[in-house]
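# A structural walkthrough
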Amino acid sequence: LSGEVDLSFTADACIHGRLMCTPLFRERMTVISSLSADIGERPTLNDLDPAKEIHVSWCSAVDSWHAETFGKNPRAKVSISVIQQLKYFFEGRDCWAIVPCSVADSLEKSGTVKLHKPEFVLPGRVIHYSRRLSDENNIYSDALIAAVREHIKTTRPDGIKLMEE
C-alpha cells in the first residue's frame, strides 16, 4: 500500500479498502504420494493416514476442508511452508500430500511422486491478483496479467481454469 509493489498474486482474496483483488484462475487440488507409498490410483479418505502426510497450507478453503476432514490438530509427518522443499520430503519415505495440480504435474515429471485421482472431492484454490485502486491502469501490471491469461489459454494446463474478466 506504500507504493513499493505494483501487483501481487495470492491464493486468498485480500480485502482492503485501497486494494482491488480480482480472481485470475481456479486450480484443482489433488493427491500425490511417494513412489513407495501403498496408495491406490483412486484413494479414499480412509487410504490417507494423517501420520504420513506432508502438510502444506495452500489456501484457506483447503485449510478449512483439511481441519474438518482430519481434525484441527492432525499429526502430520511434517508441515512445510517452503514449497520448493516439498519434493525432498518424498524421497525414500512412505508419505502423501494434497497439492495443486500444477505442483503435482511438476513433481510427477521429476519422477519423485505418484499422482492420484481421489475418490473424494477436494476444494480448489483460486489465485487472485491484487493492486492498489489508485494504480488501476498500470500498463506493466496489465501486460503481466494479460500474459498469464494468454499462457493459460494457449497451454490449457489440466486442472486450471481462467476466471472471467
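Refer to the structure printed above.
Here's a quick rundown of the structure. Everything numeric here is computed off the predicted structure, so don't read it as measured data.

Rules behind the numbers
Residues numbered from 1 in each chain as written. Predicted model: local features only at pLDDT ≥ 70, side-chain atom pairs only at ≥ 80, totals over all residues. Heavy atoms only, no water. Pairing = 2+ DSSP bridges. Helix = DSSP H or I, 4+ residues; strand = E, 2+ residues; numbered from the N terminus. 1 Å grid on protein atoms, 1.4 Å probe; cavity = no way out; pocket = protein on both sides within 12 Å on 5 of 7 lines; lining within 4 Å. Points joined across faces, edges and corners; volume = space filled by probe spheres on them. Nonpolar A, V, L, I, M, F, W, Y, C, P; charged D, E, K, R; others polar. Expected span 1.5 Å × (residues − 1). Buried < 20%, exposed > 50% of the residue type's maximum accessible area, 1.4 Å probe, protein only. Arc of directions from axis to C-beta. Polar contact = N/O pair within 3.5 Å; in protein donor to acceptor, adjacent residues only side chain to side chain.

Here we come to the pairing of strand β2 (residues 19–27). For a regular strand, side chains alternate in direction, first toward one face of the sheet and then toward the other. Across 8 bridges, the pairing between β2 and strand β8 (residues 125–132) is antiparallel. In the strand pairing of β8, Pro-23 is matched with His-128.

Let us look at the layout of surface pockets. Counted as a void, the largest pocket has a volume near 240 Å³. Forming the boundary of the largest pocket are 14 residues, of which Arg-28, Thr-30, His-116, Lys-117 and Asp-158 lie nearest the centre. Every element with two or more residues in the lining of the largest pocket is listed here: β3 (29–34), α2 (101–109) and β7 (113–116). Per-element accounting of the lining of the largest pocket gives the leading share, 3 residues, to α2. Its residues assigned to classes, the lining of the largest pocket shows 7 nonpolar, 2 polar and 5 charged.

Taking 1.5 Å as the rise per residue, helix α3 (residues 139–155) with 17 residues should run 24 Å; its terminal C-alpha atoms sit 24 Å apart, in good agreement. The set of residues buried in α3 consists of Ser-141, Ile-145, Arg-149 and Ile-152. With its buried residues spanning 65° around the axis, α3 presents them on a single face. In α3, the exposed positions that point more than 90 degrees away from the buried face belong to Ile-139, Tyr-140 and Thr-154. The backbone nitrogen of Tyr-140 has a side-chain oxygen 2.8 Å away, supplied by the residue at the start of α3, namely Asn-138. After α3 finishes, the residue Arg-156 shows a positive phi value of roughly 45°.

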